[in-house]
Amino acid sequence: MTDAGGLLFNPNTYDPRQFDPQTRRRLRALIAWFEERGKARLLHDHLDAAWVSDFLEFIKRERIFATFLTPSEYGLGDDDKRWDTSRNAALSEILGFYGLAYWYAEQVTILGLGPIWQSDNVKAKQRAAEQLDGGGVMAFALSERDHGADIYNTDMILTPATDDEGVVFRATGQKYYIGNGNVAGMVSVFSRRADVDGPDGYVWFVADSTHPAYELIGNVVHGQMFVSNFALHDYPVHTEDILCTGPEAFSVALNTVNVGKFNLCTASIGMCEHAFYEAITHANNRILYGNPVTDFPHVRAGFVDAYARLIAMKLFSDRAIDYFRSASLSDRRYLLFNPVTKAKVTSEGENVVRLLWDVLAAKGFERNTYFAEVKDLIGALPRLEGTVHVNVAQILKFMPNYLFSPAAYPEIGTRDDPADDVFFWSQGPARGASKVQFADWVPVYEKASTIGNVARFLEQARALQQLLATAAPDAEQQRDLDFMLVVGHLFTLVVYGQLILEQAELRGLDPDLTDQIFDVQVRDFSAYAVALHGKPSSTPVQQEWALAAVRKPVSDPDRFDRVWQQVKALDGAYAMRP
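Residues numbered from 1 in each chain as written. Predicted model: local features only at pLDDT ≥ 70, side-chain atom pairs only at ≥ 80, totals over all residues. Heavy atoms only, no water.

Here we look at the overall build of the protein
Selection rule: Only DSSP runs of H or I reaching four residues or more are called helices, and only runs of E reaching two or more are called strands; each is numbered from the N terminus. A radius of gyration in this sense is built from C-alpha atoms; the matching globule rule multiplies 2.2 Å by the number of residues raised to 0.38. Think of it in three bands: residues with accessible area under 20% of the maximum for their type are buried, residues over 50% are exposed, and the middle band is partly exposed, with areas taken using a 1.4 Å probe on protein chains only. Whether two residues are in contact is decided by their heavy atoms, any of which lying within 4.5 Å being enough. To be clear on the numbers: accessible area is Shrake-Rupley with a 1.4 Å probe, and residue cover counts the displayed protein chains and nothing else.
The helix and strand inventory of the protein stands at 21 helices and 10 strands. Relative to its length of 578 residues, the protein is compact, with a C-alpha radius of gyration of 24 Å against a globular reference of 25 Å. Here the C-alpha coordinates of the protein stretch approximately 80 × 60 × 40 Å along the principal axes. Burial statistics for the protein: of 578 residues in total, 59% are counted as buried. For the protein, the share of sequence-separated contacts (at least 6 apart) that also reach a separation of at least 24 residues comes to 77%. If you sum the accessible surface of the protein, you get close to 22000 Å²; carbon and sulfur atoms cover 51% of it.

A look at the packing of aromatic side chains
Defined as follows: A pair of aromatic rings is counted whenever rings of Phe, Tyr or Trp (Trp by its six-membered ring) have centres within 6.5 Å, and the orientation is called stacked for planes under 30 degrees apart, edge-to-face for over 60 and tilted otherwise. Placement of a positive charge over a ring is assigned whenever Lys NZ or Arg CZ falls within 6 Å of the ring centre and within 35 degrees of the normal to the ring plane.
In total, this model carries 48 aromatic pairs according to the counting rule given. Its guanidinium or amino end placed over the ring of Tyr409, Arg333 lies 3.9 Å from that ring's centre, counting from NZ or CZ.

Here we look at the pattern of salt bridges
Where charged atoms of side chains with opposite charge meet at close range, the side chains can pair. As a reminder, the rule being used: The salt bridge definition used is simple: a Lys or Arg side-chain nitrogen within 4 Å of an Asp or Glu carboxyl oxygen.
Inspection of every chain in the model, using the stated rule, returns 42 salt bridges. Across the pair Asp241 and Arg127 runs a salt bridge whose closest N-O atoms are separated by 3.4 Å. Placement of the pair is Asp241 in the loop between β7 (227–238) and β8 (242–245) and Arg127 in helix α7 (residues 122–133), with a sequence separation of 114 residues. The partner of Arg319 in a salt bridge is Glu502, and the shortest N-O contact between them spans 2.8 Å. Of this pair, Arg319 sits in helix α10 (residues 297–325) while Glu502 sits in helix α18 (residues 481–507); the two residues are 183 residues apart in sequence, bridging distant segments of the chain. Of the two residues examined, Arg319 and Glu502, each falls in the buried class. Within this structure, Asp305, Arg309, Lys344, Glu348, Asp515, Asp519, Arg523, Asp524 and Arg559 form a network of salt bridges that share partners.

Details of the nonpolar core
Proteins that are soluble and globular tend to have nonpolar side chains buried together. The test is simple: Each nonpolar core is a collection of buried residues, namely Ala, Val, Leu, Ile, Met, Phe, Trp, Tyr and Cys, held together in the definition by side-chain atoms within 4.5 Å.
By size, the foremost hydrophobic cluster in this structure holds 176 residues, and its most contacted members are Phe55, Phe276 and Phe303. Tallying contributions element by element places α10 first for this core, with 16 residues. Setting aside its immediate chain neighbours within four residues, Phe55 contacts Leu30, Trp33, Phe34, Phe65, Leu95, Tyr102 and Ala105. In this structure, Val203, Tyr214, Tyr235 and Val237 belong to the second largest nonpolar core, which totals 20 residues.

Description of the packing of α18 against helix α19 (residues 511–534)
Inclusion rule: Note on geometry: axes are lines fitted to C-alpha atoms, helical ones only across the stretch in contact, with angles between N-to-C directions running from 0 to 180 degrees. For this classification, under 35 degrees means roughly parallel, over 145 means roughly antiparallel, 65 to 115 means roughly perpendicular, and everything else is oblique. Any residue outside Ala, Val, Leu, Ile, Met, Phe, Trp, Tyr, Cys, Pro, Asp, Glu, Lys and Arg is labelled polar, Gly included; the first ten of those are nonpolar and the last four are charged.
Relative to each other, α18 and α19 sit at 170°, their axes nearing to 9 Å. Judged on the interaxial angle alone, α19 and α18 are roughly antiparallel. For the pair α18 and α19, the contacting residues are Phe483, Val486, Val487, His489, Leu490, Leu493, Tyr496, Gly497, Ile500, Leu501 and Ala504 in the first and Thr514, Ile517, Phe518, Gln521, Asp524, Phe525, Tyr528, Ala529, Ala531 and Leu532 in the second. In terms of residue class, the contact of α18 with α19 is made up of 16 nonpolar, four polar and one charged.

A closer look at unusual backbone geometry
For Tyr177, which is not glycine, the phi torsion reads 65° and is therefore positive. Note that Tyr177 resides in strand β3 (residues 167–179). Residue Tyr177 is classed as partly exposed on the basis of its relative accessible area of 45%.

Quick look at the environment of His389
Within the secondary structure, His389 sits in helix α13 (residues 388–396). Sequence-wise, His389 and Arg577 are 188 residues apart; in three dimensions their C-alpha atoms are separated by 39 Å.

Here's the deal with the packing of helix α9 (residues 263–284) against helix α21 (residues 557–568)
At their nearest, the axes of α9 and α21 sit 10 Å apart, and the two run at 100° to each other. The orientation of α9 relative to α21 falls into the category roughly perpendicular. Between α9 and α21, the contacting residues are Phe276, Ile280 and Asn284 on the first element and Trp564, Val567 and Lys568 on the second.

Here we look at the state of the cysteines
What counts here: Any pair of cysteine sulfurs within 2.5 Å is marked as a disulfide.
Under the criterion given, the structure shown has zero disulfides. A disulfide-free cysteine, Cys272 has its sulfur positioned 12 Å from the sulfur of Cys265, the nearest such atom.

Quick notes on the side chain of Thr256
Among the structural elements, Thr256 can be located in helix α8 (residues 247–260). Overall, the relative accessible area of 1% leaves Thr256 in the buried class. Other than its neighbours up to four places away in sequence, Thr256 contacts Leu111, Gly114, Pro115, Gln118, Phe140 and Lys261.

A word on α13
For clarity, the threshold we go by: By definition, the arc is the one covered by directions from the helix axis to the C-beta atoms.
Taken together, the buried positions of α13 are Asn391, Val392, Ile395 and Leu396. Take α13 and look down its axis: the buried residues cluster within an arc of 150°, on one side only. Looking at the buried positions of α13, the neighbouring elements they touch are α11 (334–360), α14 (399–404) and α18.

Description of the environment of Phe337
Take Phe337: it is sitting in helix α11. The spatial distance from the C-alpha of Phe337 to the C-alpha of Ile395 is 8.5 Å, given a sequence separation of 58 residues. Here Phe337 is in contact with Phe316, Ala320, Tyr323, Phe438, Val495 and Leu499, once residues within four sequence places are set aside.

Examining the environment of Arg456
Assignment of secondary structure puts Arg456 in helix α16 (residues 452–470). With 97 residues separating them in the primary sequence, Arg456 and Pro553 have C-alpha atoms 7.1 Å apart. Discounting chain neighbours no more than four positions away, the residues touching Arg456 are Val522, Arg551, Lys552, Pro553 and Val554.

Quick word on the pairing of strand β5 (residues 202–207)
In plain terms, the rule: A pair of strands is labelled paired if DSSP reports no fewer than 2 bridges between them.
Of all the six residues making up β5, six are buried; the element is thus mostly covered by neighbouring parts of the structure. On β5, burial covers both faces: Tyr202, Trp204 and Val206 on one face and Val203, Phe205 and Ala207 on the other are all buried. Summarising the sheet, strand β4 (residues 186–193) and β5 pair through six bridges and their orientation is antiparallel. The residue bridging Val187 from the neighbouring strand is Ala207, located in β5. Both β5 and β8 contribute to a ladder of three bridges, which runs antiparallel. Residue pairing for β8: Val203 is matched across the bridge by Thr245.

Here it is in structure tokens:
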């Protein structure tokens, strides 16, 4: 967890003891910068769609992106520089806590750096390190208006150059939905050669947003985030601008997303945490019909549900960090846990905000609340650079080996050590997902099955195995994405629960809270089972299975009340400075 003393990030008590002194100092300085600006200024800038220039000046002054986003090999003699996923996640959560626009500036810088750090272009890497050191940000130009983030198709065309100025190509085309495209010193651009067909024609190169042949057309959204549309007009591409070509360029695109999009989960967590503090403090002090709003049973149920879901988001994401940092060519389990963070954790963020909004009602619209900003932006995270259905389809590739073909791996502990995560820049070809194997998930559940709802959810997980062993989707159903997505959601819950239990044990989580989390898991699995029953293509055998897989969670009013007391204790725990 980012806050060693509590389950939710709280700026008033934040003490990241797991990090080195300079990391702790920079994270605290970041919190102080936001708090000193105050809530009124934060919300005013959001409503006025003010570009985050003052934030980037602070980042430059404190050299935060330079320190956190530069691999040690290119650290320019600074021993604090490294690519450390644990502290990057902490930074991302803090930025999400104060505003998605600030997180977005960092997020797209990470993506823009992905093709650079993965390349063999030493000069480009040195330029990137120097620009980060000077306070610069980067951009990732993959998406296009007509193709979205479809890597197979791009209309950014490289034409071989005929001049003798050291120019090897002229680039022409447009990119769309490109964050930081207004100021990025290095824009990583995905393109294809006009003279080479197929995958061999793919090229990543870097462009400069200040070049005369780079036309900034505008911001495609209204907000603090600058999500640009830009065009290149016969842009000169030199040899030193080319990062990678051919099939390698295709893999680099996917591998960059593996690294960069992980932070969607921590942004969602930070936003939900701030919204939660506002919601519980408001509701617990509002009198309705002579009673505090939180005396109503449905309000307490909503808060406990939101709290359980939010803690589950944090547990899964924190444990996934350990797998990311321990990854290698022989341990690629992160390739499953990454789309789960992108699809499941971010979707849960929407669920948390919806539950809180049901309590806040009209208060959730008020312009002097951070919640009003969160409710408008929380839905962006599951939909950034790949919607939920894209990620669930990716998750399905891992299902057979995960459920039926376990392998042995060394134990992985908590990875918050100050190491450089160099494997991110040498992930290898982006293929072979169906061959990745996993440690046996069943013992993780069995170890915790003394907890009532863990045992009940394990019954459902075993039932999913039974479905796939005896009534698996046939060839036609496998082509029916609407049907398969429900299967994917059922499977995702099993993966989600495994890492939650692992992190709960590592953290020594209160068993009451673990039980409440799996109360949610049981209900969610039952809901997806009912959805599968209702699908047009489900067979009678699958329909029978679906109804048999429905379970009622183990009810324990005393446990619920104890968890509610944890929630109630957050009343007044944090409020941003005015």
